[in-house]
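Architecture and fold: a report
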Amino acid sequence: MKNLSRLFFVLLLALSFNANAQDENNPWKISIGVNAVDMYPVGEDAPRGDFLDEYFNATDHWNILPSLSTVSVSRYIDEGFSLTAAGSINKIKKFGDLRVSDQTYYGIDGTVSYSFMKLIKSNSIDPFLGVGGGYTWIDDIGAGTLNGAVGINFWINDNIGVTAQSTYKTTFEDYLEDHFQHSLGLSIRFGGKDTDSDGIYDKNDACPDVPGLEAFNGCPDSDNDGIEDAKDDCPNEAGLAEFNGCPDSDSDGVADNVDDCPTVAGLAALNGCPDADNDGVADGDDDCPNDAGPSANKGCPWPDTDGDGVLDKDDKCPNEVGTVANNGCPEILPTAEVMEALNSYARTILFNSGKSSFKNGTDTVLQAMSAIFKEYPKASFSIEGHTDSDGAKSSNQLLSERRASAVRDYLISNGIAADRLTSKGFGEDYPIDSNKSRAGKANNRRVEVKLTK
């Protein structure tokens, strides 16, 4: 009963804070939700852990009461600053890595926070930092705390949002432990004066004494045509926005005085005239009114003489079937010079000693190879790995296969189709230099690229 009285006191304090300090020109926020208490990542000896260690390990360390367990009331002060009073309740079953008997947890906290919403120029994402203090009880033991908070509001609309917050509480007494408290809740913003009762606060209402619509900042639309009276040339007769609120007799979206076909419904883009094939050329100007085509060809479709999917106007080989990638010309395989360039890059691929992982700096080389492969989308290649003679032959064979496969996997992950690449390893079987010198061995440790199609 004593603990329930504490929670009631917290809730009463929060609600009285709202009633006593409400300002009609400053919005309020009420949040309700759940909280989690984590005794682990506070930089203490076992059963607790290093500071921020396993910060998100909810399964092992978080104490969560599966019901409504936190309530807060916030008042906006000025220039991004807000003042918040909050109360929370929980059950402590996990003390770091140690499981304990159920202990009741109650907290009352006050926080001054600063919102970065205006700084990041967002209407919905509202990150904030806060500092404050409070008093926390675990069972019958209570102590004051100094609190630091970081959080974010996600505003669904002007009034409703979701608030997530993480607070570090350091206590003023040794008998109560430092801890983290996380919370997630539904938030509701409200407050302000509305003289004409149209649901828009006076400070945002362009017509505060006349009921109006939110879409027009509180100003009226007498004929309900979606155009506010101040901008409506016919405020008492429903019309269209295109004509500043006046009607269109043939209902084609084009005012009669500028309609080239006033008795036939047409398109606004064609001054009210029809376009049967929807190609953007009015029927009266279209040499092929029933076949869609560009205006540059008087409404008729462009031909594709060789049927390769590349229109003659864009086809560099209009009488020879080709590919889109090669501007309508037949695909050309990479030349010997291109293959030499590929292999020049391949020979500079560096692996960590005895491994198939790449050394730092190799990414630039692999990106250059990827760019060449993409220039020949129909060509297929074999990636071949080779080693020097150091070590067991079987180990060298396996290492060469893994290195070739690592290069292939990288290229695939960077947009090269998998069916265009194969990988092979030849171990130490095909040296290109002597294995009796360091330089020769370095030359033998290589990757080569072969054109297979």
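Residues numbered from 1 in each chain as written. Predicted model: local features only at pLDDT ≥ 70, side-chain atom pairs only at ≥ 80, totals over all residues. Heavy atoms only, no water.

Details of the overall build of the protein
- Helix and strand counts for the protein stand at six helices and 12 strands.
- For the protein, whose C-alpha radius of gyration is 36 Å, the value lies well above the compact-globule estimate of 22 Å for 453 residues.
- By principal-axis analysis of the C-alpha atoms, the protein measures approximately 85 × 85 × 35 Å.
- When the 453 residues of the protein are sorted by exposure, 41% land in the buried category.
- Sequence separation of at least 24 residues holds for 47% of the intrachain contacts in the protein that already meet a minimum separation of 6.
- Carbon and sulfur atoms form 55% of the exposed surface of the protein, whose accessible area is close to 24,800 Å².
- Distance between charge centres in the protein, computed from 37 positive and 74 negative side chains, equals 19 Å. (Helix = DSSP H or I, 4+ residues; strand = E, 2+ residues; numbered from the N terminus. Rg over C-alpha atoms; globule rule 2.2 N^0.38 Å. Buried < 20%, exposed > 50% of the residue type's maximum accessible area, 1.4 Å probe, protein only. Contact = heavy atoms within 4.5 Å. Areas by Shrake-Rupley, 256 points an atom, 1.4 Å probe, with all protein chains shown as cover. Lys, Arg positive; Asp, Glu negative; His and termini not counted. Charge placed at Lys NZ, Arg CZ, Asp CG, Glu CD.)

Structural notes on the state of the cysteines
- For the structure on display, the rule yields four disulfides.
- Linked covalently through their sulfurs, Cys 261 and Cys 273 form a disulfide whose S-S length is 1.9 Å. Here the disulfide of Cys 261 and Cys 273 is right-handed, its torsion about the S-S bond being about 85°. Placement of Cys 261 in the loop between β9 (179–190) and α3 (336–346) and of Cys 273 in the loop between β9 and α3 is noted, with a sequence separation of 12 residues between them.
- Overall, the relative accessible area of 11% leaves Cys 273 in the buried class.
- Paired through a disulfide, Cys 288 and Cys 300 show a sulfur-sulfur distance of 1.8 Å. Judged by the sign of its S-S torsion, about 85°, the bond between Cys 288 and Cys 300 is right-handed. Residue Cys 288 is found in the loop between β9 and α3, and its partner Cys 300 is found in the loop between β9 and α3; the two are separated by 12 residues along the sequence.
- For Cys 288, a relative accessible area of 19% translates into the label buried. (Disulfide = S-S within 2.5 Å.)

Topic: the sheet that holds strand β10 (residues 381–386)
- With mixed pairing, three strands are arranged side by side in an open sheet as β11-β10-β12. The outermost strands of the open sheet, each flanked by one partner alone, are β11 (421–425) and β12 (446–451). Between one strand axis and the next, the sheet turns by 20° as a mean value, whatever way the strands run.
- Summarising the sheet, β10 and β11 pair through five bridges and their orientation is parallel. Counted as the bridge partner of Phe 381 is Leu 421 from β11.
- Sheet strands in contact with α3 are β10 and β12, and its direction is about 160° off that of β12.
- Docked against the sheet, helix α5 (residues 393–413) engages β10, β11 and β12, running at close to 165° with respect to β11. (Pairing = 2+ DSSP bridges. Axes fitted to C-alpha atoms, helices over the stretch in contact; angles between N-to-C directions.)

Describing α5
- When the terminal C-alpha atoms of α5 are compared, their 30 Å separation across 21 residues agrees well with the 30 Å that a helix rising 1.5 Å per residue should span.
- Taken residue by residue, α5 has Asn 396, Leu 399, Ser 400, Arg 403, Ala 404, Ala 406, Val 407, Tyr 410 and Leu 411 as its buried positions. Each buried residue of α5 sits inside an arc of 150° when the element is viewed along its axis, so together they form one side. Projecting away from the buried face of α5 at angles above 90 degrees are the exposed residues Ser 394 and Ser 413.
- Contacts from the buried residues of α5 go to α4 (362–374), β10, β11 and β12.
- Of the residues one or two after α5, Gly 415 is the one with positive phi, at around 100°. (Expected span 1.5 Å × (residues − 1). Arc of directions from axis to C-beta.)

Structural notes on the pattern of salt bridges
- Counted by the stated rule, this structure contains 11 salt bridges.
- Notably, a salt bridge pairs Arg 48 with Glu 177, separated by 2.8 Å at the nearest N-O pair. On the criterion of sequence distance, the pair formed by Arg 48 in the loop between β1 (28–38) and α2 (58–61) and Glu 177 in the loop between β8 (160–171) and β9 is long-range, its members being 129 residues apart.
- Looking at Arg 48, the relative accessible area reads 7%, which means it is buried.
- Linking Asp 390 and Lys 441 is a salt bridge whose minimum nitrogen-to-oxygen distance equals 3.0 Å. With a gap of 51 residues between them, Asp 390 in the loop between β10 and α5 and Lys 441 in helix α6 (residues 438–444) connect regions that are remote in the sequence.
- Salt bridges linked by common partners bring Glu 384, Arg 446, Glu 448 and Lys 450 together as one network. (Salt bridge = Lys/Arg side-chain N within 4 Å of Asp/Glu carboxyl O.)

Worth remembering: the numbers are spatial, not functional.
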